[in-house]
Amino acid sequence: MNLDLPRCEKGSSGKLSDEELLARTIEKALKTKKLAQSPNMTSSIKVETSIKVEDLLDQIGIWHPYPLFITFSMAFLWLLSVMPTMSPSYMAPSSPCTLDNCSFVTVQNEFNITKTLIDPGEMTSSIFFLGNGILGQIYAVAADRIGRRPVLIASLFISGLSGIGAAYAPTFEIMLIGRFFQGSCFTALTMINWVMCCESISFSGHGYASVLFGLCWVIGYCSVSPLAMYFSTWRYVQLATSVPCVLFGILMMFTLPESFSFLVAKRKRDDLVKWIEMASRVGNEEIDYDADQIVDMSSREEDNESLLQTLKLVLQSKLMVTNTAVETFLWKFFDKIFTILKY
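Below is a short write-up of the structure. Keep in mind the model is a prediction, meaning the values are calculated, not measured. (Residues numbered from 1 in each chain as written. Predicted model: local features only at pLDDT ≥ 70, side-chain atom pairs only at ≥ 80, totals over all residues. Heavy atoms only, no water.)

## Comments concerning the pattern of salt bridges
Point 1. In this structure the tally under the stated criterion is 4 salt bridges.
Point 2. Linking R148 and D144 is a salt bridge whose minimum nitrogen-to-oxygen distance equals 2.7 Å.
Point 3. You can call R148 buried: its relative accessible area is 8%.
Point 4. One salt bridge connects R148 with E199, and the closest N-O pair in it is separated by 2.7 Å. In this pair, R148 is assigned in helix α7 (residues 148-167) and E199 in helix α9 (residues 186-200), connecting sequence segments 51 residues apart. With respect to class, R148 is no different from E199; both count as buried.
Point 5. Residues joined by salt bridges that share partners form a network here, namely D144, R148 and E199. (Salt bridge = Lys/Arg side-chain N within 4 Å of Asp/Glu carboxyl O. Buried < 20%, exposed > 50% of the residue type's maximum accessible area, 1.4 Å probe, protein only. Helix = DSSP H or I, 4+ residues; strand = E, 2+ residues; numbered from the N terminus.)

Spelled out as structure tokens, the structure:
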């Protein structure tokens, strides 16, 4: 649509006439309409939506006591999860001790397991990862449906209680069942907690969090050897690596909040307000926010993509494919190194 509008120029007095003011108003209205019809308008709104949540987390800051508590709590789960993962190196070693002063009672000693072509005692470790492979993804899906917090707390109790049951198992088979369910929580206690941490702190704090997570993993890894040296039987080692999960689960029931981004994505306004108010009280500072605006802007995003659609988006990005391939290689490489060092 073309309109021949009079050119808006100032008269000799320096002021616009009524006709010129009307023409300028119509011109601005047409520009506004054109912008609203632009295909880039939707993307502009989405960009602003994604910034709003991050802006609030930036306002809270990475050194605020509340996100610090979440970060340290989630990192500590790596310490708890690595101990039952590595404990079979001492509970059921592939090579029996031949020294005269070997007093540690292994799984093979206790249940009179004889090594043939395959050592059944090594199932103590294998069954752990089998449980993770079969049931581990269920926890991840549940975390997207009902929340990170309930899945993490449930995983702590399942892991701890299953491990305690394995420690008191009267037979080798029952012990393996306990280890199976304990291993099923590995994904929840190593991946969901990392996701929850990243969703509850500013992006600028992700690097610091990754260092802390790695440090906790190393501490947990190195703590298994002193436990095996202190205790005289595999049962006590199994018990010592399982009880902390139950104790920490009880603590998390009363202190751990839900993921901030999860509350926003699920439009849980009341819980979002409680999260922010708690952060304000813990930090003893006022936080400027508008919960209605955050939830309203989040509702404009289309977040109902299926798993297949998400995978297609990942495969279409060369950067994502490259990063995934490199990450997979590093995991397998270091897993092989750890396996060699273990034996």
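From this point, things continue past the structure.
## Comments concerning the packing of aromatic side chains
Point 1. Summed over the entire model, instances satisfying the criterion amount to 16 aromatic pairs.
Point 2. A ring pair is formed by Y66 and W275, whose centres lie 5.1 Å apart and whose planes are at 75°; its orientation type is edge-to-face. Here the residue Y66 occupies a position in helix α3 (residues 65-86), and W275 occupies one in helix α14 (residues 269-283), the gap between them amounting to 209 residues. W275 matches Y66 in its accessibility class, with the two residues each being buried.
Point 3. Ring centres of W78 and F213 lie 5.1 Å apart, and the angle between their planes is 85°; this geometry places the pair in the edge-to-face category. In this pair, W78 sits in helix α3 while F213 sits in helix α10 (residues 206-230), placing the two residues 135 residues apart along the sequence. Like W78, the residue F213 is buried in the burial classification. (Phe/Tyr/Trp six-rings, centres within 6.5 Å; stacked < 30°, edge-to-face > 60°.)

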